[in-house]
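What follows is each chain in one-letter form.
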Amino acid sequence: MALRVLIVDDAPAMRLYIRRTLQMSGLALSAVFEAGDGKEGIAVLEREHLQGAGIDLVFTDINMPVMNGEEFVTQLQQEERLREVPVLVISTDATKTRVLRLRELGARGYISKPCAPEMIRLKVEQILGRDYAAALC
Amino acid sequence: MLPRCADVDLVDAASEVLGMMFFTDVMNGNVIGDPPDKPVTVKVEFQGASSGMLHMSMPRETAEALTANFLGLPMGEVPSEEQMNDVVNELGNMVCGSFLSKHESEELFDLSKPEILAAAAELPAQVATLHRSLELDNGKMVLALSWDRLNPAA
């Protein structure tokens, strides 16, 4: 099954890095969407949900303008139709307090930057299961 | 006052970020030499149990090489100014966050939005309490950290 992924980060370079890493990791992708902050991310999730396709996995940064990563995760948990979408936080802040707080808010996983491409694939497999992983060819 | 081993941890943080995400090795973590001429400099401020700022400065050629590596640009393609600034900002953010995570493992911290500096008056040597020059396999880089521990017990 091919993944539909949303990347939420205010840095275009980081969005491109994650997109490229996902494409090179061997994960089967059918669509990759991008948003520059949490509010834009919610809008993409709602739009895709309404169109019936939905999003399988969200990557989000923490430090963003308008709506940061913690507010984004909190908002998702309050939306009944969106709360089951797994969120993987990818950020430079790897303090235990931050990671625990994000888990309490509803994030399903955490990757601290710097991160190797293999770590991103591993975390996706942990969250979604190995069926999503396609062999590189 | 700087925390113990801050110099080692700062170089380690930079080495990890550059190696893992920019495919660049740090050949020497404490080079003695002149600061780069007309550098690209990024500043990141942090606040938490400690506060301070990190400056990273590098020649334009180094910034372009790191940008090309990070974005996976085709060999020989020169990144745009916007791409370079965006990637250098991200580099500063990651090195500062990685360094702080080594020292503030229990305490929350906040990073400012990274800022590319243009003014010569703000060059890192003038604000630093810790200063390291790195030799990279594709250039060089200067790290300058100023640090103020707000809560000595933290």
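Residues numbered from 1 in each chain as written. Chains lettered and ligands numbered in written order. Predicted model: local features only at pLDDT ≥ 70, side-chain atom pairs only at ≥ 80, totals over all residues.

Engineer: Please set out the environment of P79 of chain B residue by residue, giving values where relevant.
Structural biologist: Residue and element names in this part refer to chain B. Within the secondary structure layout, P79 lies in the loop between α2 (60–71) and α3 (81–103). For the pair P79 and A68, spaced 11 residues apart in sequence, the C-alpha separation works out to 6.4 Å. Among residues more than four places away in sequence, those in contact with P79 are E64, T67, A68, L71, L73 and M84. (Helix = DSSP H or I, 4+ residues; strand = E, 2+ residues; numbered from the N terminus. Contact = placed C-beta atoms within 7 Å.)

Engineer: Quick rundown of the interface of chain B and chain A? Include the residues and the values.
Structural biologist: Each partner contributes residues to the interface: chain B has 24 residues there, and chain A has 20 residues. In terms of residue count, α3 of chain B provides more of the side of chain B that touches chain A than any other element does, 10 residues in total. Of the residues assigned to the side of chain B that touches chain A, the class counts are 10 nonpolar, eight polar and six charged. (Nonpolar A, V, L, I, M, F, W, Y, C, P; charged D, E, K, R; others polar.)

Engineer: Can you lay out the packing of helix α1 (residues 6–21) of chain B against α3 of chain B for me, pointing to particular residues and giving the numbers?
Structural biologist: All names here are of chain B. It is at 9 Å that the axes of α1 and α3 come closest, and there the two elements cross at 130°. Here α3 runs oblique to α1, going by the angle between their axes. Once α1 is placed against α3, the crossing between them reads as right-handed. Where α1 abuts α3, its residues D9, L10, A13, A14, E16 and V17 lie against L91, M94, V95, S98, F99, K102 and H103. Looking at side-chain class alone, the contact of α1 with α3 contains eight nonpolar, two polar and three charged residues. (Axes fitted to C-alpha atoms, helices over the stretch in contact; angles between N-to-C directions. Parallel < 35°, antiparallel > 145°, perpendicular 65-115°, else oblique. Left-handed = near helix turned anticlockwise from the far one by under 90°.)

Engineer: Can you break down the nonpolar core residue by residue, with the values?
Structural biologist: All names here are of chain B. A14, V17, V95 and L143 are the most contacted members of the largest nonpolar core, which has 68 residues in total. Considering every element that reaches this core, the biggest residue donor is α3, with nine residues. Among all residues touching L143, those that are not within four sequence positions of it are L10, A14, L54, M56, R132 and L134. (Core = buried A, V, L, I, M, F, W, Y, C linked by C-beta atoms within 7 Å. Buried ≥ 20, exposed ≤ 12 C-beta atoms within 10 Å, placed from the backbone.)

Engineer: Account for the sheet that holds strand β1 (residues 3–8) of chain A, with residues named and values stated.
Structural biologist: All names here are of chain A. The five strands lie next to each other as β2-β1-β3-β4-β5, forming an open sheet whose pairing is parallel. Every other strand in the sheet has two partners, leaving β2 (29–35) and β5 (109–112) as the edge strands with one partner each. Taken pair by pair, the neighbouring strands of this sheet meet at an average axis angle of 20°, ignoring direction. Across the sheet, helix α3 (residues 69–78) lies against β1, β3 (57–60) and β4 (87–91), angled at about 175° from β4, the strand it touches most. (Pairing = 2+ DSSP bridges.)

Engineer: Which residues make up α2 of chain B, and what values go with them?
Structural biologist: Residue and element names in this part refer to chain B. Along its 12 residues, α2 runs 16 Å from first to last C-alpha, staying within 8% of the 16 Å computed at 1.5 Å per residue. Of the positions making up α2, those classed as buried are T62, A63, E64, A65, L66, T67, A68 and F70. Downstream of α2 by one or two residues, G72 has phi in the positive range, about 65°. (Expected span 1.5 Å × (residues − 1).)

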